[in-house]
Amino acid sequence: MNEPLKQPHILISNDDGYLAPGLLALVNAIRPLGKVTVIAPEQNHSGASNSLTLSRPLSIHRVAGGERDGFLFVNGTPTDCVHIAMTGFLDEKPDLVVSGINQGENMGEDTLYSGTVAAAIEGVMFGVPGIAFSQIDKGWSRIEDAAKAAHDIVAQMLVSKLAHSEGVATLLNVNIPNRPYADLYRWRVTRLGNRHHSQPVVMQKSPRGEDIYWIGAAGHAKDSSEGTDFHAIDEGCISITPMQLDLTHHARLAAMRENGWTRG
């Protein structure tokens with residue numbers, strides 16, 4: 001008698017916090033695809049990147065009742081959530097880490113700052129494929145449609161041979177336009193585009209007369225040429241960018257070795 005196929009275990013996190021509508025929509029859309037565990041930050045941690053909390057202990061709490069029943073939340077960062085899961089909280093590693101759906105795009109250099117992308121990266125660092133989902137416009141419009149599209153992409157990952165390529169866990173950064181689901185059938189595999197520098201810092205005075213500073217808005221697209229994530233979104237398509245963790249500039253590495261930077 002054939003053994004039943006193992007149901008994939010999917011770990012879901014985000015950076016907008018466990019109460020975010022994008023997380024709930026994503027979880028509901030992904031549940032039919034396997035066993036789902038949700039471990040998300042207690043508070044919004046947008047822009048947290050890959051930060052770990054090392055200065056204090058962390059706590060995990062479980063939601064009881066309501067539409068988020070069973071969700072776990074951590075008083076830490078997105079990376080904390082996935083790291084804890086991978087290093088002892090879960091009995092076994094999940095088959096896939098899914099992060100999002102973020103409120104707002106993560107394209108170009110945004111990915112370096114993104115807590116959404118960082119949660120997926122943390123899974124990849126432990127050998128588990130990761131997908132980060134973001135919706136282009138803020139405000140959660142069409143979030144259920146975006147979640148349906150995310151379901152389709154996760155389903156594609158689960159049945160494809162892409163999850164592990166050449167022995168390395170796959171990392172995908174996905175950006176979804178705020179459009180009806182019927183318009184989200186066009187997918188484009190893209191590279192990261194490039195932005196102009198961020199807008200200037202916004203300087204204000206505190207009630208005590210002290211100078212305070214707000215980080216300026218992200219720069220507009222600089223390289224939105226065909227093949228980039230920016231171009232795909234401009235065309236109304238879903239952008240799917242495969243990423244890697246190796247930050248080594250291999251061409252410059254070779255040039256430096258050839259030009260006297262190696263000694264002894």
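See the structure above.
The text that follows walks through the structure, step by step, so that each part is easy to find. A quick note: this is a predicted structure, and the numbers were derived from the prediction, not measured.

### Considering the layout of surface pockets
Size it by volume and the second largest pocket reaches roughly 430 Å³. Surrounding the second largest pocket, 20 residues form its lining, Thr111, Leu112, Met243, Gln244 and Leu247 being those nearest its centre. Listing elements by their share of the lining of the second largest pocket, those giving two or more residues are α3 (110-113), α4 (115-125) and β15 (238-243). Looking at the lining of the second largest pocket residue by residue, the classes come out as 9 nonpolar, 9 polar and 2 charged.

### Looking at unusual backbone geometry
Note that the residue after glycine 100, namely isoleucine 101, is joined by a cis bond; omega there is -10°. The residue isoleucine 101 is located in strand β5 (residues 96-103) in this model. Positive phi, normally seen in glycine, also occurs at arginine 142, with a value near 65°. Along the polypeptide, arginine 142 turns up in the loop between β6 (130-135) and α5 (143-159).

### Side note on the sheet that holds β6
Pairing in this open sheet of 9 strands is mixed, and the strands run β3-β4-β2-β1-β5-β6-β9-β15-β10 from one edge to the other. Edge strands, defined here as strands with exactly one partner in the open sheet, are β3 (60-62) and β10 (187-189). Each adjacent strand pair in this sheet contributes to an overall mean axis angle of 20°, direction not counted. Pairing geometry for β3 and strand β4 (residues 72-74), over 3 bridges, is antiparallel. Among the inter-strand pairings, arginine 62 is bridged to a residue of β4, identified as leucine 72. Seen against the sheet, α5 touches β1 (9-13), β5, β6, β9 (171-176), β10 and β15 and runs at an angle of roughly 160° to β5.

Thresholds applied
- Starting afresh in each chain, residues are numbered from 1 along the sequence in its written order.
- Local features in a predicted model are, by the rule used here, given only for residues with pLDDT of at least 70; side-chain atom pairs are given and counted only at 80 or more, and totals for whole chains, interfaces and linings are based on all residues.
- As a convention, hydrogens and water are excluded, and side-chain values are obtained from all of the structure's heavy atoms.
- Here a cavity means grid points, on a 1 Å grid over the protein atoms only, where a 1.4 Å probe fits yet cannot get out; a pocket means an open set of points with protein on both sides within 12 Å along at least five of seven lines; lining residues are those with an atom within 4 Å of a point.
- Grid points are joined across faces, edges and corners, and a volume is the space filled by probe spheres set on the points.
- Each helix is a run of DSSP H or I of at least 4 residues and each strand a run of E of at least 2, with the numbering of both proceeding from the N terminus.
- As a working rule, the residues Ala, Val, Leu, Ile, Met, Phe, Trp, Tyr, Cys and Pro are called nonpolar, Asp, Glu, Lys and Arg charged, and the rest polar, with Gly in that last group.
- Two strands qualify as a pair provided DSSP detects at least 2 bridges between them.
- Here an axis means a line fitted to C-alpha atoms, over the contact stretch when the element is a helix, while the angle between two N-to-C directions is reported on a 0 to 180 degree scale.
- In what follows, residue pairs with any heavy atoms lying within 4.5 Å of each other are defined as contacts.

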